[in-house]
Amino acid sequence: MSGPLTVMLVAAEASGDALGAGLAAALKRRLGKDVRFVGTGGARMAAEGVESPFDIAELSILGWIEGLKAYGRVKRRVAETAALAAREKPDVVVLIDSWGFTIRVAKAIRAASPQTPLIKYVGPQVWASRPVRAKTLARAVDHLLALYAFDAPWFEREGLKTTVVGSQALHVDLDGADPEALRAELGLAPEARVLLVLPGSRPAEITRMTPVYEQAVARLREGRPDLEVILAAAGPVAESVRTRVAAWPFRVHLVDEDRKYAAMRLADAALATSGTVSTELALAGAPMVIAYRIDPLGYRIMKHFVTARHVTLFNIAADRRIAPEFIQDAATPEALAGAVGRLLDDPAAAAQQAQDQTEALSLMGRGGADPSELAADAVLDVLAARRG
């Protein structure tokens, strides 16, 4: 090989940006100056040397209807990403999460450069819905980096080589998160009960979930004068969250992502939009209630394809409803307030749920090697096999 290895990393939303940054850092630890990066990503990947040609926030799309509305924009960004690959001629392309965007990029690059090895990092959740996607992915890429052991058989049956690297969410370091320091910083009384609200990291999630959470919290505050509310705002949507929460008719303590884990450890209960954050809350020992809504038409279409009984990963791994889930029409302020209220008012039940959540993490692979390191090893193995 002449010159440094060129690795193209393609991410289209915040979770993929974090995975891409971890992978880039791990590859740099192995190769030093002998690797360079191109691709698309956010602030974290930019810090590792991936200069994205556009802001990936515009690709954070939720649901069928929003996908249809954004089709033209997605198509343009797919073409731009494929053109970047043609120009930079990467030695390997890693396509991270974001099924709708990355599968189109994979097909475009494969058509233009059949010899370039393509690796998908995080496969579609075929165990939950649309198992036909396993075959689609097997035809589009050369290798899959899967997060969980229960992912692998679905893709291996279609002939796609798969490496289980684990989930980075299971390796969050909470040692530096100081809940009592945050309590003092926010001026919370020692006896105050704390509710943590996590509304999501996508614009559509903020739009749909914050009004519901506002009404749920208002109900929870009735009869609980000691209840303090902390809301953690994810970076990509922080300004939108601040604007919306400023209009809430009660006090809310806003914290940024740097203090999120301290807030998780401080919380007596959490109300969260479904996503990776549920695993982080379980690691922090916070009992939680999960909610989610998408556009109504999109949900009516989607529910015909969904086969999973749960949406929260540790519920799926345990095959039982440990954390309550309220999806779509079930996610009403009354229902959410009732479920969260039980956790706040019954410490024994809250402690039992927190313990069950923690135990379920073992079924997801907690305690394994660092996923970024395993992913970097797998990428280099794919390259070595291709060259061999």
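Higher on the page you've got the structure.
The rules behind these values
- All residue numbers refer to positions counted from 1 along the written sequence of the respective chain.
- The predicted nature of this model means local features are confined to residues of pLDDT at least 70 and side-chain atom pairs, given and counted, to a pLDDT of 80 or more, with totals for whole chains, interfaces and linings taken over all residues.
- Computation of side-chain values covers all heavy atoms of the structure but excludes hydrogens and water.
- Under the scheme used here, helices are H or I runs from DSSP no shorter than 4 residues and strands are E runs no shorter than 2 residues, and both carry numbers assigned from the N terminus.
- In this treatment the radius of gyration is a C-alpha quantity, and the globule benchmark scales as 2.2 Å times the residue count to the 0.38 power.
- The classification of residues rests on relative accessible area computed with a 1.4 Å probe and restricted to protein chains. Under 20% of the type maximum is buried, over 50% is exposed, and intermediate values are partly exposed.
- Any two residues whose heavy atoms approach within 4.5 Å are treated as being in contact.
- Whether a crossover is right-handed comes down to one check: with the strands pointing away from the viewer, does the path from the first strand over the helix to the second run clockwise; if it does, it is right-handed.
- We treat two strands as partners when DSSP finds at least two bridges between them.
- For helices, the fitted line uses only the C-alpha atoms of the stretch in contact; every axis is such a line through C-alpha atoms, and the angle between N-to-C directions lies from 0 to 180 degrees.
- To sort the angles, those under 35 degrees are grouped as roughly parallel, those over 145 as roughly antiparallel, those from 65 to 115 as roughly perpendicular, and the leftovers as oblique.
- Whether a crossing is left-handed or right-handed is set by the direction in which the near helix is turned from the far one by less than a right angle, anticlockwise for left-handed and clockwise for right-handed.
- Residue polarity follows a fixed list, in which Ala, Val, Leu, Ile, Met, Phe, Trp, Tyr, Cys and Pro are nonpolar, Asp, Glu, Lys and Arg are charged, and the others, Gly among them, are polar.
- Think of a salt bridge as a Lys or Arg side-chain nitrogen and an Asp or Glu carboxyl oxygen that are within 4 Å of each other.

Caption draft 1: Layout of the overall build of the protein. Scanning the protein from N- to C-terminus turns up 17 helices and twelve strands. Taking 2.2 N^0.38 as the reference for a compact globule, 388 residues should give roughly 21 Å; the C-alpha atoms of the protein span a radius of gyration of 21 Å, in line with that estimate. Principal-axis analysis of the C-alpha atoms places the extent of the protein at approximately 70 × 45 × 40 Å. Taking all 388 residues of the protein together, the buried fraction comes to 51%. A fraction of 71% describes how many contacts in the protein between residues 6 or more apart in sequence connect residues 24 or more apart.

Caption draft 2: Summary view of the environment of A152. When you line up the elements, A152 lands in helix α7 (residues 152-156). C-alpha separation for the pair A152 and L186, spaced 34 residues apart in sequence, amounts to 44 Å.

Caption draft 3: Highlighting the pairing of strand β8 (residues 227-232). When you tally the buried positions in β8, you get six out of six residues, the bulk of the element. Along β8, one buried face is formed by L227, V229 and L231 and the opposite face, lined by E228, I230 and A232, is buried too. Taken together, strand β7 (residues 193-198), helix α9 (residues 203-221) and β8 constitute a β-α-β crossover, and its handedness is right-handed. Direction of pairing for β8 relative to strand β9 (residues 253-255): parallel, over a ladder of three bridges. In the strand pairing of β9, L231 is matched with L254. Tracing the backbone out of β8, into helix α10 (residues 238-245) and back to the parallel element β9 gives a crossover that is right-handed.

Caption draft 4: Quick look at the packing of α9 against α10. In contact at an axis separation of 11 Å, α9 and α10 are set at 25° when each is read in the N-to-C sense. With respect to α10, the axis of α9 lies roughly parallel. Here α9 and α10 pass one another in a crossing that is right-handed. Of the residues in α10, those in contact with I206, T207 and T210 of α9 are S240, V241 and R244. Considering only residue class, the contact of α9 with α10 consists of two nonpolar, three polar and one charged.

Caption draft 5: Geometry of the pairing of strand β4 (residues 118-121). The two faces of β4 match: L118 and K120 on one face and I119 and Y121 on the other face are all buried. Bridge count for strand β3 (residues 92-96) against β4 is four bridges, and the pairing is parallel. The partner of V94 across the bridge, within β4, is I119. Tracing the backbone out of β3, into helix α5 (residues 99-112) and back to the parallel element β4 gives a crossover that is right-handed. Here β4 runs beside strand β5 (residues 143-146); their pairing, made up of three bridges, is parallel. Within the sheet, the bridge partner assigned to Y121 lies in β5 and is L145. As a crossover connection, the stretch from β4 through helix α6 (residues 132-140) into β5 is right-handed.

Caption draft 6: Representation of helix α12 (residues 277-284). Counting buried residues in α12 gives eight out of eight residues, a clear majority hidden from the surface. By the burial criterion, the buried members of α12 are V277, S278, T279, E280, L281, A282, L283 and A284. Here the buried face of α12 lies against β7, α11 (260-266), β10 (269-273), β11 (288-292), α14 (313-318) and α16 (347-363). With its phi angle positive at about 80°, G285 sits one or two positions after the end of α12.

Caption draft 7: Spatial organisation of the pattern of salt bridges. Under the defined criterion, the tally for this structure stands at 23 salt bridges. In this structure, the salt-bridge partner of D91 is R387, at a minimum N-O distance of 3.4 Å. You can see D91 sitting in the loop between α4 (71-88) and β3 and its partner R387 sitting in helix α17 (residues 371-387), a full 296 residues away along the chain. For R387, a relative accessible area of 48% puts it in the partly exposed group. R259 is the partner of E185 in a salt bridge, and the nearest nitrogen-oxygen pair spans 2.2 Å. Taken together, the residues E185 in helix α8 (residues 179-186) and R259 in the loop between β9 and α11 connect sequence positions 74 residues apart. Shared partners join several salt bridges into a network, and the residues in it are R29, R30, E373 and D377.

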